[in-house]
Amino acid sequence: MARKLPPLNALPSFEAAARHLSFSRAAEELNVTHGAISRAVKNLEDQLGVQLFERATRSVRLTAVGEPYARAVRDMLDQLAIATASATSRHSNTTLNVSTSDGFAGKWLVPRLYRFHRAHGDIDVRVSTTGKLTNFRGDGIDVAIRYGSGDYPGLTSEFLAGEEVFPVCSPKLLEGAHPLHEPEDLRHHTLIHDGYPIDWATCLPARGWKAWTPAAG
């Protein structure tokens, strides 16, 4: 049975506009005009028979239908970029093996690979995702992107970008028997921990909150 597909040439424009929530920034990224992005999105909406964006004078936002559709399109384009890189690797003169985390690869690196390939078509980029430190002698990796201080003996490190880290909570925790107004109010609530290098024990003292150690949760 034939697949029912949308106009495929409109998907990169839609994905970029959905990611930036801006037709202008999408146009800048894809090196096309604002009008080209607008027409591509309108064509996609007409073909699907649904509205993907709510348009205001100076802004756009995804509709309830557009938001999950944007995630699906983004995942599909990421997989297509990886498959294309793999399929064309035999024709490349040079292979660049990059190791990084799942999140950085999916949300930052892979969406930009097409621009790198456009400028350096003779270089095949292969992306490997892991959170472990790279053994450059045995892993076959040329470049590793990691979150850290950059102090890796025997290696050359280049600073890419800083990051702002801050705690978040459900709005419901601002009410109730123990509403969150001051850092001390966290004593009455369960903290959620993950494996991120900056955790509660690091974040709270850095903000001057040294009265207690948030180990439980």
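Residues numbered from 1 in each chain as written. Predicted model: local features only at pLDDT ≥ 70, side-chain atom pairs only at ≥ 80, totals over all residues. Heavy atoms only, no water.

## Digging into the overall build of the protein chain
Turning to step 1, where the next piece is worked out: The helix and strand tally for the protein chain stands at 7 helices and 5 strands.
Turning to step 2, where the next piece is worked out: Tracing the protein chain from N to C terminus, the helices and strands come up as α-α-α-β-β-α-β-α-α-β-β-α.
Turning to step 3, where the next piece is worked out: Computed over C-alpha atoms, the radius of gyration of the protein chain comes to 22 Å, more than 25% over the 17 Å expected from 2.2 N^0.38 for 217 residues, which places it beyond the range of a compact globule.
Turning to step 4, where the next piece is worked out: In terms of overall dimensions, the protein chain has C-alpha extents of about 60 × 50 × 35 Å along its principal axes.
Turning to step 5, where the next piece is worked out: For the protein chain, restricting intrachain contacts to residue pairs at least 6 apart in sequence, the fraction spanning at least 24 positions comes to 55%.
Turning to step 6, where the next piece is worked out: Split by element, the accessible area of the protein chain, about 15400 Å² in all, is 54% carbon and sulfur.
Turning to step 7, where the next piece is worked out: When the 24 basic and 24 acidic side-chain charges of the protein chain are each reduced to a single mean position, those positions are 6 Å apart. (Helix = DSSP H or I, 4+ residues; strand = E, 2+ residues; numbered from the N terminus. Rg over C-alpha atoms; globule rule 2.2 N^0.38 Å. Contact = heavy atoms within 4.5 Å. Areas by Shrake-Rupley, 256 points an atom, 1.4 Å probe, with all protein chains shown as cover. Lys, Arg positive; Asp, Glu negative; His and termini not counted. Charge placed at Lys NZ, Arg CZ, Asp CG, Glu CD.)

## Here we look at the pairing of strand S3 (residues 94-100)
Turning to step 1, where the next piece is worked out: Where S3 lies against strand S4 (residues 123-129), 7 bridges are found, and the strand directions are parallel. Bridge pairing in S4 places Thr94 opposite Ile123.
Turning to step 2, where the next piece is worked out: Pairing geometry for S3 and strand S5 (residues 143-144), over 2 bridges, is parallel. Across the sheet, the residue bridging to Val98 is Val143, located in S5. (Pairing = 2+ DSSP bridges.)

## Topic: the packing of helix H2 (residues 23-30) against helix H3 (residues 34-48)
Each packed pair of helices is defined by two parameters, the angle between the axes and the distance between the axes.
Turning to step 1, where the next piece is worked out: Where H2 contacts H3, the two axes come as close as 8 Å, and the packing angle between them is 110°. Classed by the angle they form, the pair H2 and H3 counts as roughly perpendicular. Residue-level contacts link Phe23, Ser24, Ala26, Ala27 and Leu30 of H2 to His34, Ile37, Ser38 and Val41 of H3.
Turning to step 2, where the next piece is worked out: Taken together, the residues of the contact of H2 with H3 break down into 6 nonpolar, 3 polar and no charged. (Axes fitted to C-alpha atoms, helices over the stretch in contact; angles between N-to-C directions. Parallel < 35°, antiparallel > 145°, perpendicular 65-115°, else oblique. Nonpolar A, V, L, I, M, F, W, Y, C, P; charged D, E, K, R; others polar.)

## A word on the environment of Val127
Turning to step 1, where the next piece is worked out: Inspection of the secondary structure puts Val127 in strand S4.
Turning to step 2, where the next piece is worked out: Along the sequence, Val127 and Ala144 sit 17 residues apart, while their C-alpha atoms lie 9.7 Å from each other.
Turning to step 3, where the next piece is worked out: Beyond its immediate chain neighbours, meaning those up to four positions away, Val127 contacts Val98, Thr100, Ala105, Leu109 and Leu113.

## Notes on the nonpolar core
Turning to step 1, where the next piece is worked out: Core analysis: the largest hydrophobic core is formed by 20 residues, its most contacted members being Phe14, Phe23, Ile37 and Phe53.
Turning to step 2, where the next piece is worked out: Ranked by the residues each element gives to this core, the list is headed by helix H1 (residues 11-20), at 5 residues.
Turning to step 3, where the next piece is worked out: The residues contacting Ile37, other than those within four sequence positions of it, are Ser13, Ala17, Phe23, Ala26, Ala27, Leu30 and Val32.
Turning to step 4, where the next piece is worked out: Core analysis: the second largest hydrophobic core is formed by 8 residues, Val110, Leu113, Val125 and Ile145 among them. (Core = buried A, V, L, I, M, F, W, Y, C linked by side-chain atoms within 4.5 Å. Buried < 20%, exposed > 50% of the residue type's maximum accessible area, 1.4 Å probe, protein only.)

## Things to note about the pattern of salt bridges
Turning to step 1, where the next piece is worked out: According to the stated counting rule, one finds 8 salt bridges in the structure shown.
Turning to step 2, where the next piece is worked out: One salt bridge connects Glu29 with Arg19, and the closest N-O pair in it is separated by 2.9 Å. Here Arg19 lies in helix H1 and Glu29 lies in helix H2, a separation of 10 residues in the sequence.
Turning to step 3, where the next piece is worked out: The class of Glu29 is buried, set by a relative accessible area of 12%.
Turning to step 4, where the next piece is worked out: With a shortest N-O distance of 2.9 Å, Arg126 and Asp124 are connected by a salt bridge.
Turning to step 5, where the next piece is worked out: Its relative accessible area of 42% is what places Arg126 among the partly exposed residues.
Turning to step 6, where the next piece is worked out: Take Asp124: its relative accessible area is 2%, and that puts it in the buried class. (Salt bridge = Lys/Arg side-chain N within 4 Å of Asp/Glu carboxyl O.)

So, to be careful, I would describe these as geometric facts and stop short of saying anything about function.
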